[in-house]
Each structure stands twice: as C-alpha cells, then as structure tokens.
Amino acid sequence: MGKAISALLLATLLLSACSGNNDEDPVQGSTATAPAAAAEVTAAPTEDTAGTVAPSASSPAPEDGTKATIAPAASAAPGSSTATPPSSEPAAAEIPLLYHMNKNYDIVPNEEGTDKKVVLLTFDDGPKEAEMINALMDTLDKHQAKAIFFVNGYRVKEHPELLKLLHERGGIIGNHSWDHIVLKDKSYAEVQKQIGDVQTIVKEITGEAPAFFRPPHGAGGDVGKQVAAENGMLYMTWSVGSLDWEMKEKDTAKTETLVKNVTDQLHSGSNILMHELPWTTQALDTLLTTLEGKGYSFVDPRSIELKQR
Ligand SMILES: [Zn+2]
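Values in this document were obtained by computation on a predicted structure and should not be read as measured data.

Rules and cut-offs
- Residues numbered from 1 in each chain as written.
- Predicted model: local features only at pLDDT ≥ 70, side-chain atom pairs only at ≥ 80, totals over all residues.
- Heavy atoms only, no water.
- Phe/Tyr/Trp six-rings, centres within 6.5 Å; stacked < 30°, edge-to-face > 60°.
- Helix = DSSP H or I, 4+ residues; strand = E, 2+ residues; numbered from the N terminus.
- Buried < 20%, exposed > 50% of the residue type's maximum accessible area, 1.4 Å probe, protein only.
- Lys NZ or Arg CZ within 6 Å of the ring centre and 35° of its normal.
- Salt bridge = Lys/Arg side-chain N within 4 Å of Asp/Glu carboxyl O.
- Polar contact = N/O pair within 3.5 Å; in protein donor to acceptor, adjacent residues only side chain to side chain.
- Expected span 1.5 Å × (residues − 1).
- Bend = angle between axes of the 7 residues up to and from the residue.
- Contact = heavy atoms within 4.5 Å.

J.: Is there a simple way to explain the packing of aromatic side chains in this structure?
T.: The geometry of an aromatic ring pair is captured by the separation of the ring centres together with the interplanar angle, meaning the angle of the planes. Enumeration over the complete set of coordinates arrives at four aromatic pairs. Their ring planes at 45° and their centres at 6.4 Å tell us that Y105 and Y235 sit as a pair that is tilted. Note that Y105 is positioned in the loop between β1 (99-101) and β2 (107-109) and Y235 in strand β7 (residues 234-235), a separation of 130 residues in sequence. Residue class for Y105 comes out buried when judged on its relative accessible area of 0%. Judged by its relative accessible area of 7%, Y235 falls in the buried class. Pairing W238 with W245 gives two aromatic rings, centres 6.5 Å apart and planes at 65°, and the pair type is edge-to-face. Just as W238 is buried, W245 falls in that class too. The rings of Y105, F213 and Y235 are connected pair by pair, giving a single aromatic cluster. Taking the ring centre of Y296 as reference, the NZ or CZ of K117 above it sits at 4.9 Å.

So, in structure tokens, the structure goes:
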C-alpha cells in the first residue's frame, strides 16, 4: 500500500513537473513552429543544428561498421510476427505502404493517383492519464483517424496499463526516448539505451516494438538518426506545430487558437505535432472536423514506409 501511494505521488510529481513548465518538444522561447528538415540543415532555432549540419536525414544508415545491425526498415514493423493487434484491426502487413516521408517530414504518396491531401496526427509525451487517452481515442474513432502516440519510457514504466490501453484502443505507439532528454549531444551508448529501452518495454507490453521515432525537443542529432535506423524505425520531427505546448490552463479560446495554429501552416502531408494535454484533447474534435472540411483525410501511420526518402 505504501508502495502504491509513493508511486502515485511520484507520478503526480512528474506530471506536475512536466506540465507546469513547458517540458515540451520545441526549445523554450522559440517562435518557430516547424523544425522540419530545413531546420536540420539550416539554422532554424528548434532543431539540432549544433555541429550536425549534414543533411543526413536522407541517409540514416550509419557510416561505420554497424551496418549489419540495421533492420530492414521498409518492411513490416520489428516484432510484428509476435504482434497481437486488436481483433477488429487489420494486421500491419495487410495495410499497403502507400506513402513515404520526405525530408521535410511531410507525408507524400508513393504514386500519382493516391490522395495527397492527408495529414499525420501525432501526440507526444504520454501516456499520462486514462481519461485523456480514452477521450482522444473516442474522437479519433469518431473521425476514423489513426494517430501515433510518441511515448516516454519512464511514463510507460510508471503506468504500463496506460500503454496497454493506448494500444488496445488502436493507438500506434511511437518511441520518444526514455527520459525525454535532448539526445543530440549524448554518447552513442547513452542514446542507444534511451531508445532501445523504450523498444524493449513497449514490445513487452504490446507485443510490438515501435516503428516510429521522434526525438524529444526535435533534437536527435546524427546519433539519434543512426540509432533509430538501427532499430528499424522511421525518424521524424514534425512539419506543423499545434503550439499546444505553449498554452496554459488559464488561457482562453484554446480550441480556436490550436485550430488556427494548425490551419495557418496546413499543407498536403502535414505532420502535425500535438501533445497529450487536456486542451488538446478538448480541441481535437473541432480540429479534425475543420481539417475534414478543408478536404483533408488522416493518413494511417502504418501505410507509411519506414524509410525516409
Ligand atoms: Zn516531447
């Protein structure tokens, strides 16, 4: 009992520590909203520019002798042979790979004729609360939309049942590192642990290791890209920021602001960054309805090739 209480206390502390001070992806104080590929190459403020100017996003293969460990990225998700998808869900292998990700982290059809007016929905920094997860999934279901939930290992460890809930409700689980730290300046071994431990715990709980990786703060660096590739994952930041991480509970008109933030930057293939936050949960139905009204549909993440090109 004492253990349960202290776990609860710790979770509460973690939660308040994170939500209280913008523990979110983009670098604090930046006005940039989309650290897309350009940010990797140029000096856009939010991405990992320090010392890593090579546009290596297009070639995630490591340059040294570690090549042999690279998983076959374009095929099925790692671990899919042991996967246990919910019975109503088609197996990942049955979903045709119709799209790929370009250097701007946008989603692009492989062939002409495939609908290009799609967006990718993503929610970072969970899993936090069953209530929010259920509400998000209810809204996604209502719009027949799939989304990637980029989770942190420390949260999964605290609440494995929440990851299970996300998975069982049809959320696609992505890897957002164990501790939500900036990875780009860390050693290879440390980054490997930050990423690999999340692969392990997610696979233990859901039967599938994540196929998508997003570095915390959008700053994975070359080392993050390398380790993601070695784990068979597609590395991405985002191309449209909802800026939900800048909002506060006391702010008014958060739904309107969030919808405007997204629609202001909206384009075909938008990779939309959101978070598991109360106001985002609240705004989601309006946002999805707005996007549908503009002729967009929601891409199934499992239809995206796991290799950027
Ligand atoms: Zn994050």
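J.: Would you take a moment to explain the pattern of salt bridges for this structure?
T.: Two side chains carrying opposite charge are able to pair once their charged atoms lie near each other. Tallying each qualifying case throughout the model produces nine salt bridges. A salt bridge links D141 to R169; its shortest N-O distance comes to 3.1 Å. Here D141 is found in helix α3 (residues 130-142), whereas its partner R169 is found in the loop between α5 (160-168) and β5 (172-175), with 28 residues between them in sequence. The class for R169 is partly exposed, based on a relative accessible area of 23%. Between K193 and D197 there is a salt bridge, with the nearest N and O atoms lying 2.7 Å from each other. Linking K193 with D197, this pair stays in helix α6 (residues 188-206), spanning four residues, or about one helical turn. Judged by relative accessible area, D197 falls into the partly exposed class, the value being 27%. Here the salt bridges do not stand alone but share partners, grouping D138, D141 and R169 into one network.

J.: Hey, could you run me through unusual backbone geometry in this one?
T.: Glycine aside, the phi torsion of most residues is negative, and most peptide linkages are trans. Going from G126 to P127, the amide bond is cis rather than trans, its omega being -5°. Take P127: it is sitting in the loop between β3 (118-126) and α3. Of note in this structure, Y105 is not a glycine but carries a positive phi near 65°. Even without being glycine, H180 reaches a positive phi, approximately 60°. Structurally, the position occupied by H180 is in the loop between β5 and α6. With relative accessibility at 6%, the residue H180 sits in the buried group.

J.: Help me understand the environment of E305 in this model?
T.: Structurally, E305 can be placed in the segment after β10 (297-298). Here E305 falls in the buried class, since its relative accessible area comes to 17%. On a C-alpha basis, the gap between E305 and L234 in space is 8.0 Å, while along the polypeptide they are 71 residues apart. Among the polar contacts made by the side chain of E305, one reaches the side chain of R309 at a distance of 3.0 Å.

J.: Before we go on, may I ask you to explain helix α9 (residues 278-293) in this structure?
T.: Since one α-helical turn is 3.6 residues long, residues separated by three or four positions face the same way. For α9, spanning 16 residues, the distance from its first C-alpha to its last is 24 Å, which sits close to the expected 22 Å at 1.5 Å a residue. At L284, α9 shows its strongest bend, of approximately 45°. Buried residues of α9: W279, T280, T281, A283, L284, L287, L288 and L291, and no others. In this fold, the buried residues of α9 make contact with β3, α3, α8 (254-265), β9 (271-275) and β10. One or two residues past the end of α9 sits G295, with phi positive at roughly 90°.

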